[in-house]
Every structure is written in structure tokens, then in C-alpha cells.
Amino acid sequence: MLEQAEQRSLNKKAGIASVGVAGILVLAKLWAFAATGSLAIAASAADSALDLLVSATAFMAILYAARPPDADHAFGHSSAEDLAALAQAVAIAVAGIAIGLAAVNRVTSGAATGLRAEGAGLVVMGLSVVLTLALVLFQRRVARRTGNRIVAADSLHYLGDLIPNLGAIVSLIAARYFGLVIVDTLVAILAAALMIVGALRIGKQAIDSLMDRKAPDSVEEIIVGLTREHPGVRDFHDLKTRMAGSQVFIVLHIELDGDQTLREAHDVGADLRRRIIAACPNADVTVHKDVWEPDSAPSRIPRSQKSTSPHR
């Protein structure tokens, strides 16, 4: 797994790539509109301008989230990722609904598709597809490696743009050579559905983190396994986790032999903390050390109950 510094570097590179691609597409489509007068390309240029605005906002959120903790934000600024991802999810959902409604209206009204593309327009649309596809693949690779929700949401946003661009090309061919003008509408409905489903998924993840939802079970299982096997740890309880952006916060109480020295107890806790961070590099870990007591003590939670549950 990646160290935090490498994760932040990859997230920044993804943000720069997103802003750069959006800027190039805006300029290219404006040139194509001036050359062809195509209103379809003009609409696409406006959409790319929105992409540029969203990507720039997301990049600023990535930079802000990467700032270290300070006096006013003792736990860091990683929740900015969730706020930006939630805003992007709303924007993506609204765009998907708008596309879907337009497609449905086209079907019910029987309006013509109006698809047309000339030489300059096709070149620009081809450039748009290539650049957008490359960006989506890069962003998804970064999102898988870092877990950054802003990058994941931005990737979904550009995927929503990629499908209509490809669909426009396919629709033009279908209409021109096979007379299947309905293909454009079907592609638009498919793209809208994908955007809405993806926006709901990204939005739910962001809301879960903002509401301090616990880390995934797989992460807690790693913590439990490392704690159970760690030398010197007699038992553990009160494992608590929460997510903030791509960062996970972990609080764990371990029970140690009360007859050992303070330094020895500190070394056990510090070593366990290092092992957890090695397994979960983007984690902020706090280990509390308690004195282990026999299970017969009335004030203790039974060992069997504590050991079988990762939370108690």
C-alpha cells in the first residue's frame, strides 16, 4: 500500500491532469465551433467549460485536504474530500437527470435528433474522446491506489462525458449509413442512467464519511488480526474507527501486563501502532494502554465477548 506522501502526490497529479484536459477541450471546441458553426459543438464546449470549473474546484479541495493538522483542525483537513465529492455527486446527478429528461422528451415529442458533424467537428470529437478516455483511466488508477473520493467522482464525471461523445460518433454512423436515428437517444438515456447511479454511490460514500461511519470491515479485520497476534497484548477492547475522506481514524484500547515497566508498555503500544500504519498507510492510529486483569474481576468485560467483537 502507498505511503501518505505518495498518495497525496498521485492525487495532485490527477487533479492537474483533470484541469489540463478540461482546459484543452474548451479551447479545441471553441475553435471547432468558430470553424463549423455547429450548435452541438457549442453545447459541448459549454459542458467542457463546466468540467473545467468542477475540476478546478476539486483540485483546490485536494490541495486543502492534503494540508497537515493545525490548531483549528487537529485531525487534519481530509473531510474536504467528502464535501467536494458530495458537491460533485449532486452536479453529476443533476446533469444526468437533465440528459435523461431531454432524451425522453425527444422520444415523446418525435423531434429530430439534429446530429451532424463535419471534418473539423469530427477531429475535435475524436480528440475529446482520446483525451477523456486517457484521463478517466488515469483517474481510476489513482482512485484505486489512494481511495480518494474527489478523484473517483471526477473520473465518473468525465466518464459521463465520454459516453455521450462516443455515442455521438456511433449515432452519426448509425444514422448516416443505417438510418438508425434512435441510437443517439438510447445512448443518451444509458449515459444518464450511469451518471445517476454513479452519483448516488459517490454521494453515499461521502455522506457516510461526513457522518463518521466506521471503516470497512476489511480494515477492521486487519486491525483485529494484528492486535490479537501482537506480542505482549493480553487482550483488547473498544476498537473504534471512522472515515474522513481517504483517511481512516483508529482508536484502540489494549490490555497489558500491569507488572511491566512504563517503557515496556509504551514499546508494545508503539510497535503495534507502527504495524497497523504499515498495513493501513493512510491511518491515524491512537492506542490506549490499560492494565490487564483476570476475567473474574466484576468490572471487566468477559474476555470471550471482547475477543470475538472488533468493537468491544
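That block above? That's the structure.
Computed from a prediction, not measured in an experiment: that's the story for all the values here.

(A) Broad picture of the pattern of salt bridges. Taken as a whole, this structure holds four salt bridges when the rule is applied. Here Arg 274 and Asp 271 are joined by a salt bridge, their closest N and O atoms 3.6 Å apart. Of this pair, Arg 274 and Asp 271 both sit in helix α8 (residues 262-279), three residues apart, roughly one helical turn. Overall, the relative accessible area of 51% leaves Arg 274 in the exposed class. The exposure class assigned to Asp 271 is partly exposed, which follows from its relative accessible area of 23%. Several salt bridges converge on common partners, so that one network encompasses Asp 271, Arg 274 and Arg 275.

(B) Here's a closer look at a nonpolar patch on the surface. There is a patch of nonpolar side chains on the surface, built from Val 104, Val 107, Ile 182, Leu 186 and Ile 189 and spanning about 410 Å² of accessible area. At three residues, helix α6 (residues 182-210) tops the list of elements feeding residues into the nonpolar patch. By the secondary structure assignment, Val 107 is in helix α3 (residues 79-109).

(C) Just a positive patch on the surface, in detail. A cluster of basic residues, Arg 140, Arg 141, Arg 144 and Arg 201, forms a positive patch on the protein surface. Ranked by the residues each element gives to the positive patch, the list is headed by helix α4 (residues 119-146), at three residues. Mapped onto the elements of the fold, Arg 141 is located in helix α4.

(D) Highlighting the environment of Ile 276. With respect to the helices and strands, Ile 276 occurs in helix α8. Setting aside its immediate chain neighbours within four residues, Ile 276 contacts Ile 223, Leu 226, Ile 250, Leu 252 and Val 285.

(E) Broad picture of the packing of helix α7 (residues 217-229) against α8. Interaxial distance between α7 and α8 falls to 10 Å at its minimum, and their mutual angle equals 145°. α8 is crossed by α7, and the crossing has right-handed handedness. Contact residues: Ile 222, Ile 223, Leu 226 and Thr 227 in α7; Leu 272, Arg 275, Ile 276 and Ala 279 in α8.

(F) Geometry of the nonpolar core. Grouped together as the largest cluster of nonpolar side chains are 21 residues, with contacts concentrated most on Ile 223, Ile 250, Leu 252, Ile 254 and Ile 276. Among the elements of the structure, α7, β1 (235-244), β2 (247-256), α8 and β3 (283-291) are those that each provide at least two residues to this core. Element by element, the count of residues in this core is highest for β2, at five residues. With residues near it in sequence (within four places) discarded, Ile 223 still touches Leu 239, Thr 241, Ile 250, Leu 252 and Ile 276. One finds Ala 89, Ile 92, Ala 93 and Met 195 within the second-largest nonpolar core, a separate group that totals ten residues.

Cut-offs applied
Residues numbered from 1 in each chain as written. Predicted model: local features only at pLDDT ≥ 70, side-chain atom pairs only at ≥ 80, totals over all residues. Heavy atoms only, no water. Salt bridge = Lys/Arg side-chain N within 4 Å of Asp/Glu carboxyl O. Helix = DSSP H or I, 4+ residues; strand = E, 2+ residues; numbered from the N terminus. Buried < 20%, exposed > 50% of the residue type's maximum accessible area, 1.4 Å probe, protein only. Patch = residues over 30% accessible without salt bridge, like charges linked within 9 Å, V, L, I, M, F, W, Y side chains within 5 Å. Areas by Shrake-Rupley, 256 points an atom, 1.4 Å probe, with all protein chains shown as cover. Lys, Arg positive; Asp, Glu negative; His and termini not counted. Charge placed at Lys NZ, Arg CZ, Asp CG, Glu CD. Contact = heavy atoms within 4.5 Å. Axes fitted to C-alpha atoms, helices over the stretch in contact; angles between N-to-C directions. Left-handed = near helix turned anticlockwise from the far one by under 90°. Core = buried A, V, L, I, M, F, W, Y, C linked by side-chain atoms within 4.5 Å.

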